[in-house]
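Spelled out from the first residue to the last, the chains are:
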Amino acid sequence: MSFYVTTPIYYVNGEPHLGHAYSTIAADILARHHRQRGEDVFFLTGTDEHGEPVAQQAEAEGVTPRELGDRLAPRFKEMAAKINASNDFFIRTTDEGHMSRVQEIVQRVYDNGHVYEGNYEGWYCPRCADFKTESEIGPDNTCPIHQIPLTRESQKNWFFKLSEFQQDLERLYEERPEFVTPDFRRNEALSFIKQGLQDVSLSRPTLKWGVPVPWDTDQVIYVWFDALLNYYTALGYGIEGEDVTEQFWPPFHILAKDILKFHAVYWPAFLMAAEIELPERMFIHGFLLMEGHKMSKSLGNVLDPDEVIAKFGADALRFYCFREVSFGQDGQISPAGFESRYETELADQYGNLANRVLSMIGRYRDGVVPEAETEGDLASDVEGAPERVRALLDDAELTQALEEIWKLVRRLNQYVEETKPWELSKDESAADRLDAVLYGLAEGLRVTTLLLHAYMPETTDRLLEALAEPSRELADFGSRPGGQTVGELAPLFPKLQTA
Ligand code: MSP
């Protein structure tokens, strides 16, 4: 089995912020979870370096687009490392390996008869690098995403015959209802298709910053086709000396709603035109909002992931984002919200549970997990959880899966309160019961922590080590018999320094 997961590739027109980190963490959780299933995984992220969004920013800063990319791409790479993204490759669309493959595929689409030369006039947003249809124009001809005025543009360029794919796309959406999730995003994409598709620009005549059109080198390929193709080109050269396209294609895409149309409409049509298999699925998430607005550089309301990580740690950030905001919906985040979840859920509920269980095994059983069986009720709660989490993560339901895991955390805390091991320990005749209770807690904590591993790799590694669990594989869920010696553990989520 193999699994291929991608993030959008980010424009190098500003510093990375938490909104970018969010998509990367989401994809990373899926990548790690599938590795835990024993699958071969390829996880791709990277930077989008061509086109107007980057060229305009470079001009504003008085540098070349290449200089801007060379300065900012490493910042995105560092961000990925800091949030513990386990990506197998980091693509830059300025890579020679990418550019030559983009040309090959665009040429193929041309050879297949899906391209013609024409003139286009319309309202254009340079930050989206997109002409807007009537229904996408905000009040006073503004871009509803970036809240800037649209410009009237007229261009002679090469067109992709998107309109030819209307029926094929409608059929795709009918036959594969899971192609785009959540459902309300699928419906949004489908109604865009049903409004009637217009052909789209495939090239830019005036811009020099991009991949040259192979049959007309005065023009460059429109940044969106260049960018979308990253998902395909990366498999051809991302691993040195190997082409892993056969093994990993088709992908599972993670992206936000701002770029739904490009992924859910243009991309499948373009792949059909190039005779390449369509993506397996795509999950469209919402926006992280700060004070009611999308976090974005142009609005200036961004949270710097470095600062958040310095204060809470990467694991807490990874947890918070998917706990606070339901994955798929928009949601508010705030420093105060972070603090409160950190203290109540991570420190008090999970961290405390871990320390209590280990210290009770230490105190009452010399640090050795008793050989026993989990008591009935608890056993049934723990046993069904891995399967439920797995099924939810098949659909990239990251928040619902995390809630399933958190039910276990709450259940185990409740079990400690109900069984009161400290009282059992004082009663000789309750020794067997105490064995069963401590065994059940150790097992429950082990299973919970293995499930949490994809979300919080660092802290769970420490806890699993203390629980003497060497494996991270989900196939190893089958219960451990007991008899292993547990270790000591410094608090997983220490109290925050209030400075
Ligand atoms: N370069 C294009 C994508 C090309 S993909 C073939 C682009 N880049 S971007 O830098 O603007 O990144 C957009 C993506 O960043 C969003 O789709 C989303 O994944 C992520 N996010 C940026 N800000 C975000 C929030 N405030 N909240 C959630 N995700 C956000 O579009």
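Residues numbered from 1 in each chain as written. Predicted model: local features only at pLDDT ≥ 70, side-chain atom pairs only at ≥ 80, totals over all residues. Heavy atoms only, no water.

*Asks:* I keep staring at the packing of aromatic side chains and nothing clicks. Help me out?
*Replies:* For any pair of aromatic rings, the description consists of the separation of the ring centres together with the inter-plane angle of the planes. For the coordinates displayed, the defined rule picks out 33 aromatic pairs. Judged by centre distance (4.6 Å) and plane angle (35°), the ring pair of phenylalanine 225 and phenylalanine 270 falls under tilted. Taken together, the residues span a long stretch of sequence, with phenylalanine 225 in helix α7 (residues 223-228) and phenylalanine 270 in helix α10 (residues 260-274) at a distance of 45 residues. On the basis of relative accessible area, phenylalanine 225 is assigned to the buried category, the value being 1%. (Phe/Tyr/Trp six-rings, centres within 6.5 Å; stacked < 30°, edge-to-face > 60°. Helix = DSSP H or I, 4+ residues; strand = E, 2+ residues; numbered from the N terminus. Buried < 20%, exposed > 50% of the residue type's maximum accessible area, 1.4 Å probe, protein only.)

*Asks:* Sorry, what's going on with the site of the ligand here?
*Replies:* Taken together, 25 residues form the shell around the ligand, and within it Ile9, Ser23, Asp48, Asp258 and Leu288 come nearest. Glycine 19 places a main-chain nitrogen or oxygen 3.3 Å from a nitrogen atom of the ligand. A distance of 2.8 Å is found between an oxygen atom of the ligand and a side-chain nitrogen or oxygen belonging to aspartate 258. Protein contacts shield 95% of the accessible area of the ligand, which totals 670 Å² for the unbound molecule. Elements with a minimum of two residues in the shell around the ligand: β1 (2-11), α1 (18-36), α7 and α8 (230-237). (Near = heavy atom within 4 Å. Polar contact = N/O pair within 3.5 Å; in protein donor to acceptor, adjacent residues only side chain to side chain. Areas by Shrake-Rupley, 256 points an atom, 1.4 Å probe, with all protein chains shown as cover.)

*Asks:* Please clarify how α8 should be interpreted in this entry.
*Replies:* Owing to its 3.6 residues per turn, the α-helix brings residues three or four apart onto one side. Of all the 8 residues making up α8, 8 are buried; the element is thus mostly covered by neighbouring parts of the structure. Residues of α8 that are buried include every one of Asn230, Tyr231, Tyr232, Thr233, Ala234, Leu235, Gly236 and Tyr237, and no others.

*Asks:* Any chance you could explain the sheet that holds strand β6 (residues 151-160) here in plain terms?
*Replies:* Neighbouring strands of a sheet are bound in pairs by backbone hydrogen bonds; such pairs are parallel or else antiparallel. With respect to topology, 4 strands assemble into an open sheet ordered β5-β4-β6-β8, the strand pairing being antiparallel. The open sheet has two free edges, formed respectively by β5 (130-132) and β8 (200-201), since each of these has just one partner strand. Direction of pairing for β6 relative to β8: antiparallel, over a ladder of 2 bridges. Within the sheet, the bridge partner assigned to phenylalanine 160 lies in β8 and is valine 200. Where α10 meets the sheet, it contacts β5, β6 and β8, and its direction lies at approximately 115° from that of β5. (Pairing = 2+ DSSP bridges. Contact = heavy atoms within 4.5 Å. Axes fitted to C-alpha atoms, helices over the stretch in contact; angles between N-to-C directions.)

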